[in-house]
Each structure stands twice: as structure tokens, then as C-alpha cells.
Amino acid sequence: MNEPLVARMREFGTTVFAEMTALAVRTGSINLGQGFPDTDGPPAMLDKAVEAIRSGLNQYPPGPGMPELRQAVSDHHKDRYGLAYDPDGEILVTVGATEAITSAVLALCEPGDEVIAFEPYYDSYAAAIAMAQAVRRPVTLRPVNGRFTFDPAELRAAVGPRTRAILVNSPHNPTGTVFTREELDEIAAVCAEHDLIAITDEVYEHLTFDDAEHIPLATLPGMRERTVMISSAGKTFSATGWKTGWICAPAPLVTAAQTVKQFLTFTANAPWQVAVAYALRHETDWVTRLRADLQAKRDRLMSGLSAAGFEVLRPAGTYFVQTDIRPLGFTDGLDLTRRLPELAGVVAIPTQVFYDHAEAGRHFVRFAFCKRDEVIDEAVRRLTRLASGG
Ligand code: PMP
Ligand code: GLN
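Our subject in this report is the structure included herewith. Just so it is clear, the structure is predicted and the values come from calculations on it, not from any experiment.

1. Here's the deal with the overall build of the protein chain
- Per the secondary structure count, the protein chain includes 13 helices and 15 strands.
- By the compact-globule yardstick of 21 Å for 390 residues, the protein chain fits well, its C-alpha radius of gyration being 20 Å.
- Oriented by its inertia axes, the alpha-carbon framework of the protein chain measures out at about 60 × 55 × 55 Å.
- Within the protein chain, the proportion of its 390 residues that are buried is 57%.
- Within the protein chain, residue pairs in contact and separated by at least 24 positions form 75% of the contacts whose partners lie at least 6 positions apart.
- Accessible surface, the protein chain: about 15,900 Å² in total, of which carbon and sulfur atoms supply 51%.

Quick look at the structure:
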């Protein structure tokens, strides 16, 4: 048979996360690649999910999501950001942020429309844009004084007559950048001038460090009306396998996304929704501790990687730290990460796969620090072999 996969999806193959996790399992390496915690979320939240299953919450929930989760998301956004979303019509529960992003892009972009995304970008953005037969326009984030940022002139130059939307991920995976108010102002100005929709991926909204503050783009003047604001429970409550996410946006944008979403999955899983609603209301202290723990883990991994000879860039949020591999004598992160199990018994993610301009990211490798301290320490111990030549 000829290649059965449609042409527009052929460039995607298997995700780098699946490839690298499989490599870790096959070689028995420590997996600092795919970003998932190796400890559980709040115990009371887990109990709620079990309780929900045991009490018979096992049939289709309403298409827009369980009312208690929509209400909890609405209250969360009001309390935390001062953003008011009506739980009836302005909030849609999705199967993770991934489905939220894909539904939004499929619902809002015509074939040939252009979507701006900052590269390195989360891999599902490119796939969602391709599924919509839209065209991605990357704007490159580059390190300036140890922090990845963009050149506003490049952002402006990326806008054209077919630009429909901009995908904004902050805190940003895989660089760890948390956009400042000035950066968000630039983005907001471009959206307003060119009448663009902003699709914001805020799954790391609670995972910021030091004095970094997560500012939702929708809180900027004039932005709420044109922003599709997306988040999920996976990172906030250390439950990446629960795949429970949400969209908050003005009703016409939510209705559009829901029109698509109902034919992707119809509705999201019922038991997790009530457990996540509970966690959003009652587990904020747990999240505060998670954030402090992750900051300490970031520092632990950063100092270990520096001692092992990497140049390390300090992330202001997320699970991830970027390293420049050139001080160790390597130049290609893809090549290094494929050999890393054999060289050091560790798995990491080559940053270059998240770029259209791969050369901009060739020498960067991403390590995840959402792991137990002993796992981080053992990984670091193994990585010191790189500098000593094995
Ligand atoms: N966006 C970013 C930036 C991510 O890192 C991830 C990975 N969890 C997702 C979206 C997907 O989130 P979910 O698991 O809720 O679909
Ligand atoms: N968000 C996770 C990461 O960046 C991976 C999610 C996935 O495996 N698709 O590592």
C-alpha cells in the first residue's frame, strides 16, 4: 500500500515525548525527557475520583462539562485573575489542554489561514494547525541574558493578510520563559491592530518561580474579547494522565470550539471532573507547596547540570530547564539525546524538534525536574560522565 497517512500529517511521525520515553524504558535510563511528575497529586483529590466512580458517576457528563467543574474554573479565574467567565456558555471542559487547543484551531481557522506561534513550540500546535490545513508562522524565541524572548519586530513581520490567530504559551514549554507584561503588551497590540484571535496555553499557570508572575493575556485591556484561554489540571495537580482541561472565552468562541469538540470526543471523562473541581476549590495550599518544591528541584537540577559541564538557562516557570550542550563538546542535541542512554543512562528532549528553524535550537537540550530528589541526583551523577569522557 502507498503511504496511507494524509500528506498534511506526514511530517509528524511519533511525538518526541513518546519516542524518548520508549527509549528510556528500553534502555532502563532515567527519564528526564517527557514532563510528568513521579509523585501523586493531592490525596483528597484522588479520593474524590475514586468516590465518584464508586458512587456511579460513570456515564456521559454534559457536553460542556460537569456544572461543578465549570463553576470551579469560573471562581478560580475570578479570584486569581479578576476575570469573569459565565460557567454557562463561556467555559468548556475538554480532554486536556491538547483537545482544547486542537478544537480551537480547527474551529477558528480556515484552510490557508495563518497562525503565529513562538518557536520552540509545543509539538501539538503544529499538528493542530496542519489538521486545520492552516499555515504556521513561527516567531523565534532566542536567549537574551540567559532568558528566551522574542524580537517585537519579528513578531510584527510575521503578521500578514491571512493571519488569523496567535498561539501564546506562557509559562512557556520548553524554554521556561514567563512572558512579562511588556512582552504581553507587544502581543496584545499586534492582536488589536490586526484583529487576531489569541489562543493562550496556560497549563503551567501555577508553576512559576522566584518573583515571576503569570499574567493571563486576557487580563490586558481589550484582550478578553479576543482570547481563547486554555488550561488543564495535569500540571497544577500532578495528574498529567487525567487529561482534564478547559477553555474560557466569550460565548461565540466557546460555541465554535464546542462545535468541533463534540465530534472529537463528545465530552470529557466524568469522575475526574468532580475531583478536579474539588481540587480547584480546596487544594490551593497543596499547589503552593508544589510550586516551592519545584523551585527547589529546579535549583537542584540546575546546579547539578552546571557541575556536569552544561551551560544552564534559568527557567522562571514550568517543569523544564534548557541547557546549551556546546561547552561539553557536543553540537547537535538530537544526536546527543539519542546517544544519551548509552553515554550516561539518562533521557532528555532535543529542543530542536520544536522549531521550524531547527538550527536556532540545535545546541539546546531540555531536562525535566518534576522528579523526586533522588532521581535528579542520580541523573546528575550519571551525567557527570559526559565531561570525564565516560
Ligand atoms: N501545552 C503545553 C505547553 C504542555 O506542556 C502540555 C503537556 N502537558 C500540554 C499543553 C498538554 O496538556 P494536557 O495534558 O492537559 O492535554
Ligand atoms: N507536556 C509534556 C512535555 O512537554 C509531554 C506531553 C506529551 O507527552 N505529549 O514533556
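What follows continues from the structure just given.
2. A closer look at the site of ligand 1
- Taken together, the neighbourhood of ligand 1 is formed by Gly96, Ala97, Thr98, Tyr122, Asn169, Asn173, Asp201, Val203, Tyr204, Ser232, Lys235 and Lys243.
- Lys243 has a polar side-chain atom sitting 2.7 Å from an oxygen atom of ligand 1.
- Taken by itself ligand 1 offers 390 Å² of open surface, and the protein chains cover 93% of this.
- Structurally, ligand 1 is housed in the largest pocket.
- Top contributing element to the shell around ligand 1 by residue count: helix α4 (residues 96-108), with three residues.
- A per-class count over the shell around ligand 1 returns four nonpolar, five polar and three charged.

3. Re empty space enclosed by the protein
- Going through the model one piece at a time under the given rule, you end up with three cavities of 30 Å³ or more.
- Taken as a whole, the largest cavity holds about 40 Å³ of empty space.
- Surrounding the largest cavity, Val168, Ser170, Leu184, Thr200, Glu202, His214, Ile215, Pro216 and Leu217 form its lining.
- The residue inventory of the lining of the largest cavity, partitioned by class, reads five nonpolar, three polar and one charged.

4. Quick word on helix α12 (residues 333-344)
- In this model α12 runs just 14 Å from its N-terminal to its C-terminal C-alpha over twelve residues, more than 12% under the 16 Å that 1.5 Å per residue would give.
- Where α12 is buried, its residues contact α1 (16-27), β13 (346-347), β14 (349-350), β15 (364-368) and α13 (373-387).
- Here α12 starts with a cap whose side-chain oxygen sits 2.9 Å from the backbone nitrogen of Leu334, and that cap is Asp332.

5. Thoughts on the sheet that holds strand β10 (residues 245-248)
- Spatially, seven strands are ordered β2-β10-β9-β8-β7-β3-β4 in an open sheet, and the strand pairing comes out mixed. The strands lining the two open edges of the sheet, one partner per strand, are β2 (91-94) and β4 (135-140). Going across the sheet, the axis of each strand differs from the next one's by a mean of 20 degrees, ignoring polarity.
- The sheet contact formed by strand β9 (residues 227-232) and β10 spans four bridges and is antiparallel. Each residue of the ladder has a partner; that of Met229, found in β10, is Cys248.
- In the packing of α4 onto the sheet, the strands contacted are β2, β7 (163-169), β8 (197-201), β9 and β10, and the crossing angle to β9 comes to about 160 degrees.

6. Some thoughts on the packing of aromatic side chains
- What the rule picks out here adds up to 14 aromatic pairs.
- Seen from their ring centres, Phe148 and Phe364 are 5.3 Å apart, and the 65 degrees between their planes marks the pair as edge-to-face. Here Phe148, found in strand β6 (residues 147-149), pairs with Phe364, found in strand β15; they are 216 residues apart in sequence, far enough to count as distant. A single burial state applies to Phe148 and to Phe364, both of which are buried.

7. What about the sheet that holds strand β11 (residues 311-313)?
- The strand order across the open sheet built from four strands is β11-β12-β15-β14, with neighbouring strands paired in antiparallel fashion. Pairing within the sheet leaves two strands with one partner each, and these edge strands are β11 and β14.
- Alignment of strand β12 (residues 320-324) against β15, held across five bridges, turns out to be antiparallel. Across the sheet, the residue bridging to Val321 is Phe367, located in β15.
- On top of the sheet, helix α11 (residues 284-307) reaches β11, β12 and β15; it is set at about 15 degrees to β12, its chief contact.

8. Quick word on the site of ligand 2
- Surrounding ligand 2, one finds Phe17, Gln34, Gly35, Tyr122, Asn173, Tyr204, Phe320 and Arg366.
- For ligand 2, an oxygen atom lies 2.8 Å from a polar atom in the side chain of Asn173.
- Arg366 places a side-chain nitrogen or oxygen 2.6 Å from an oxygen atom of ligand 2.
- Summarising the interface, the protein chains cover 80% of the accessible area of ligand 2, which totals 300 Å² for the free molecule.
- In this structure the site holding ligand 2 corresponds to the largest pocket.
- Here the shell around ligand 2 is built from residues that sort into four nonpolar, three polar and one charged.

9. Digging into the nonpolar core
- Val228, Phe310, Phe367 and Leu383 are the most contacted members of the largest nonpolar core, which has 90 residues in total.
- Those residues in contact with Val228, other than ones at most four positions away along the chain, are Ala104, Leu108, Ile197, Ala198, Ile199, Thr200, Ile247, Cys248, Ala249 and Leu253.
- Ranked by size, the runner-up nonpolar core spans 26 residues in total, among them Ile116, Phe118, Ala158 and Leu217.

Reading the values: the criteria
Residues numbered from 1 in each chain as written. Chains lettered and ligands numbered in written order. Predicted model: local features only at pLDDT ≥ 70, side-chain atom pairs only at ≥ 80, totals over all residues. Heavy atoms only, no water. Helix = DSSP H or I, 4+ residues; strand = E, 2+ residues; numbered from the N terminus. Rg over C-alpha atoms; globule rule 2.2 N^0.38 Å. Buried < 20%, exposed > 50% of the residue type's maximum accessible area, 1.4 Å probe, protein only. Contact = heavy atoms within 4.5 Å. Areas by Shrake-Rupley, 256 points an atom, 1.4 Å probe, with all protein chains shown as cover. Near = heavy atom within 4 Å. Polar contact = N/O pair within 3.5 Å; in protein donor to acceptor, adjacent residues only side chain to side chain. 1 Å grid on protein atoms, 1.4 Å probe; cavity = no way out; pocket = protein on both sides within 12 Å on 5 of 7 lines; lining within 4 Å. Sits in = over half its atoms within 2 Å of the grid points. Nonpolar A, V, L, I, M, F, W, Y, C, P; charged D, E, K, R; others polar. Points joined across faces, edges and corners; volume = space filled by probe spheres on them. Expected span 1.5 Å × (residues − 1). Pairing = 2+ DSSP bridges. Axes fitted to C-alpha atoms, helices over the stretch in contact; angles between N-to-C directions. Phe/Tyr/Trp six-rings, centres within 6.5 Å; stacked < 30°, edge-to-face > 60°. Core = buried A, V, L, I, M, F, W, Y, C linked by side-chain atoms within 4.5 Å.

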